[in-house]
Amino acid sequence: MSVDGFPPFIAAQLHYHLNQCPHSTKVDQVWSGSKYLPGLYDRFTLLIPYCLDFIRWDFIYNAEFPMAAPDVIFGPEDEDFYPLSATSGGRGPFLKSLQDWSHKDPTRLLVLIQELRDHYVAYQRKRVGEVDDDRLKFEISTIESRQGIEMHMSSGAGKPEEVKFAVPLLDMNINKLVLGCPWRHQQKIYLQVIYPVIRKYMTAPSAPRLKLMSNPELKALFLVDDAKLPSWVEGMCMAEYLPHLEETLEKQVLEAASLVDVRRRFIEALAPLFGRPVEADSVFCRKATFLAASGAFTFLVHFLVSTLFPKQQPSMLLQSTLHFSNHGVPVKSPLLTDYPWSPRWDASQMAEQIFDFLADESLNFKSERSCPQPLQLTSSRQ
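These notes cover the structure that comes with them. Residue numbering note: each chain is counted from 1, following its sequence as written. Note on the predicted model: pLDDT of at least 70 is required for a residue's local features to be given, and 80 or more for side-chain atom pairs to be given and counted; whole-chain, interface and lining totals, by contrast, use all residues. With hydrogens and water excluded, all non-hydrogen atoms of the structure serve as input to the side-chain values.

### Overview of the overall build of the protein
To keep things clear, this is the line we draw: Where helices and strands are cited, they refer to DSSP runs of H or I of at least four residues and of E of at least two residues respectively, numbered from the N terminus. As a reference, a globule follows 2.2 Å times the number of residues to the power 0.38, and the radius of gyration itself is taken over C-alpha atoms. Accessible area is worked out with a 1.4 Å probe on protein chains only. A residue is then buried under 20% of its type maximum, exposed over 50%, and partly exposed in between. Contact definition: two residues touch when any of their heavy atoms are within 4.5 Å. The Shrake-Rupley method, run with a 1.4 Å probe, gives the accessible areas here. Residue values count only the displayed protein chains as cover.
Helix and strand counts for the protein come out as 6 helices and 16 strands. In summary, the protein has a C-alpha radius of gyration of 27 Å against a globular reference of 21 Å for 382 residues, an excess of more than 25%. Seen through its C-alpha atoms, the protein measures out along the principal axes to roughly 80 × 65 × 40 Å. Relative to its full complement of 382 residues, the protein shows a buried share of 43%. When contacts within the protein are restricted to residue pairs at least 6 apart in sequence, those whose partners lie at least 24 apart make up 53%. Split by element, the accessible area of the protein, about 21,000 Å² in all, is 53% carbon and sulfur.

### Some remarks on the pattern of salt bridges
For side chains bearing opposite charge, pairing can occur when the charged atoms are close. For clarity, the cut-off: Any Lys or Arg side-chain nitrogen located within 4 Å of an Asp or Glu carboxyl oxygen qualifies as a salt bridge.
Using the criterion set out here, one finds 11 salt bridges in the structure. A salt bridge links Lys164 to Asp53, with the shortest nitrogen-to-oxygen separation between them at 3.7 Å. You can see Lys164 sitting in strand β8 (residues 162-169) and its partner Asp53 sitting in strand β3 (residues 53-60), a full 111 residues away along the chain. Glu150 is the partner of Arg117 in a salt bridge, and the nearest nitrogen-oxygen pair spans 2.9 Å. Within this pair, whereas Arg117 is found in helix α3 (residues 108-129), its partner Glu150 is found in strand β7 (residues 150-154), the two being separated by 33 residues in sequence. The buried category is assigned to Arg117, whose relative accessible area is 8%.

### Section: the sheet that holds β3
Here is the rule: Being paired, for any two strands, means DSSP has found at least two bridges between them. A fitted line through C-alpha atoms represents every axis, and for helices the fit uses only the stretch in contact; the resulting angles, taken between N-to-C directions, go from 0 to 180 degrees.
Judged by pairing direction, the sheet is antiparallel, and its 4 strands sit side by side in the order β1-β2-β3-β4 without closing on themselves. Of all the strands in the sheet, the pair left with one neighbour each is β1 (26-31) and β4 (71-73). Pairs of neighbouring strands in the sheet enclose a mean axial angle of 25°, with direction left out of account. Of the strand pairs in this sheet, β3 and β4 are connected by 3 bridges, and their pairing is antiparallel.

### A look at the side chain of Gln187
Applicable threshold: Identification of polar contacts relies on pairs of N or O atoms within 3.5 Å, with a donor-acceptor requirement for protein atoms, meaning one able to donate a hydrogen and the other able to accept it, and with residues adjacent in sequence counted only if both atoms are side-chain atoms.
By secondary structure assignment, the location of Gln187 is in the loop between β8 and β9 (189-196). With relative accessibility at 2%, the residue Gln187 sits in the buried group. Polar contacts involving the side chain of Gln187 include one to the main-chain carbonyl oxygen of His185, which spans 3.3 Å.

### A word on the nonpolar core
Convention followed: We call a set of buried Ala, Val, Leu, Ile, Met, Phe, Trp, Tyr and Cys residues a nonpolar core when their side-chain atoms join them within 4.5 Å.
In this structure, Phe165, Leu169, Ile189 and Phe266 are the most contacted members of the largest nonpolar core, which totals 67 residues. When residues of this core are assigned to their parent elements, the largest contribution, 13 residues, is made by helix α5 (residues 238-274). Phe9, Leu14, Phe74 and Leu112 belong to the second-largest nonpolar core, a separate cluster that totals 28 residues.

### Considering the packing of helix α1 (residues 8-20) against α3
Each packed pair of helices is defined by two parameters, the angle between the axes and the distance between the axes. Put simply, the rule is: Here is the rule for angles: anything less than 35 degrees is roughly parallel, anything more than 145 is roughly antiparallel, 65 through 115 is roughly perpendicular, and the remaining ranges are oblique. Asp, Glu, Lys and Arg are counted as charged, while Ala, Val, Leu, Ile, Met, Phe, Trp, Tyr, Cys and Pro are counted as nonpolar; the rest, among them Gly, fall into the polar class.
As a packed pair, α1 and α3 sit with axes 7 Å apart at the nearest point and diverge in direction by 55°. The orientation of α1 with respect to α3, classified from their angle, is oblique. In contact with Gln13, Leu14, Tyr16, His17 and Gln20 of α1, α3 contributes Arg108, Leu109, Leu110 and Ile113. Grouping the constituent residues of the contact of α1 with α3 by class yields 5 nonpolar, 3 polar and 1 charged.

### Describing the packing of aromatic side chains
Here is the rule we go by: Centres within 6.5 Å make a pair out of two Phe, Tyr or Trp rings, where for Trp the six-membered ring is used; the pair is then stacked when the planes are under 30 degrees apart, edge-to-face when over 60, and tilted otherwise.
This model, assessed by the stated rule, comprises 29 aromatic pairs. Aromatic pair Phe309 and Trp341: ring centres 5.8 Å apart, planes at 55°, arrangement tilted. Of this pair, Phe309 sits in the loop between β13 (297-304) and β14 (315-324) while Trp341 sits in the loop between β15 (330-332) and α6 (347-366), and the two are 32 residues apart along the sequence. Feature note: the residues Phe266, Phe274, Phe290, Phe303, Phe309, Tyr339, Trp341, Phe355 and Phe357 constitute an aromatic cluster, connected by ring pairs.

### Thoughts on the sheet that holds β9
In space, the 4 strands of this open sheet follow the order β7-β8-β9-β10, with antiparallel pairing throughout. Here the strands that pair on one side only, and so sit at the sheet edges, are β7 and β10 (209-214). Pairs of neighbouring strands in the sheet enclose a mean axial angle of 20°, with direction left out of account. Here 5 bridges tie β7 to β8, and the two strands are oriented antiparallel to one another. Across the sheet, residue Met151 finds its bridge partner in β8, namely Phe165. Lying over the sheet, helix α4 (residues 134-143) contacts β7, β8 and β9, oriented at roughly 15° with respect to β8. Along the sheet face, α5 touches β8, β9 and β10 and points at about 45° away from the line of β8.

### Observations concerning α4
Keep this limit in mind: Directions are taken from the helix axis to each C-beta atom, and the arc is the one they span.
Of all the residues in α4, the buried ones are Arg135, Leu136, Glu139, Ile140 and Ile143. Looking straight down α4, one finds its buried side chains confined to an arc of 130°; they lie on one side. Elements in contact with the buried residues of α4: α3, β7, β8, β9 and α5. Between a side-chain oxygen at the N-terminus of α4 and the backbone nitrogen of Arg135 the separation is 2.9 Å; the capping residue is Asp133.

### Quick word on unusual backbone geometry
Between Phe309 and Pro310 the backbone carries a cis peptide bond, its omega angle lying at 10°. Structurally, Pro310 can be placed in the loop between β13 and β14. You will see that Cys51, though not glycine, has its phi angle at about 55°, which is positive. Within the element layout of this structure, Cys51 appears in the loop between β2 (43-50) and β3. At Leu170, a residue that is not glycine, the phi angle is positive and equals roughly 65°. Following the sequence through the fold, Leu170 ends up in the loop between β8 and β9. Taking relative accessible area as the criterion, Leu170 reaches 6% and is therefore assigned buried.

In short, shape yes, function no, at least from these values alone.
Spelled out as structure tokens, the structure:
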């Protein structure tokens, strides 16, 4: 996000926060609060990740008094959250980040938000612990020793009372499984667990709602939506469920990491037939583009390789280097997925089958019948 329009000291703090924060914070909106400098932004709303969702906090600077720390307005559900003048839950001294505030230090906003978020974690944990639900109290008692668990109490007009847990899984460094890993932050997988609040005793309460979630970048290696969750047996609690889930998930993540080399060998096997790739994803080996020819007709072949390769065959897209639509867009084929394939073939056989298939498919592609728009041939002299 651009920080243009902010005074330099606010721009420096916001830029540092967005680039260095371990949580993927987003700026939702910006505005000006100054009657004398209406074109200068000094207020913004941040969407701060918490418990696998976002909390909205407004940060109110004053461009006319740049030395002052910002005020913070929290969400309507958190009217009992008083961290700016208290430890979470009671009146007390100012936050350390405000005592040490300096508008010239670009790190100050990040330090303030981290401290506020830590207080918010404690505040929500206290709220959940006060819920009059025996099952929830038992669940909390069995997992409170696990590090990094976040909790959130959801309530309000028209909303069912629910408690949500975000449980970090796998005590392993996923980033180190990928050679040349480009991720700035540690990739994590979480189990989201949602319990309805039940204020009466039930002999056989229903299973909570369960969902695996992860950092968005992880889908380049492992798609959590494809992971199958173990069944929740009647009478089970989280402390019993988590070890089996983590054992299953660890095997799947390690297998996904090993498949990077399988995809790499496949792309390398294409090179003797198609030549050196024009470009390729050298880290996750999910994409590769080759320049091919059929007589005088030249075209690009884009390979899109799934994380489920070789069980799932690659998709291919052909793109002419000579033909363009009336809007100047290169003519492309539909996505090609229907061709001979077996996951049991070795990489060289896969490449040969694809090469033979494309020898015929390229003839169809260069004919006008495969192009929805009239073609115009570019001149090599242009």
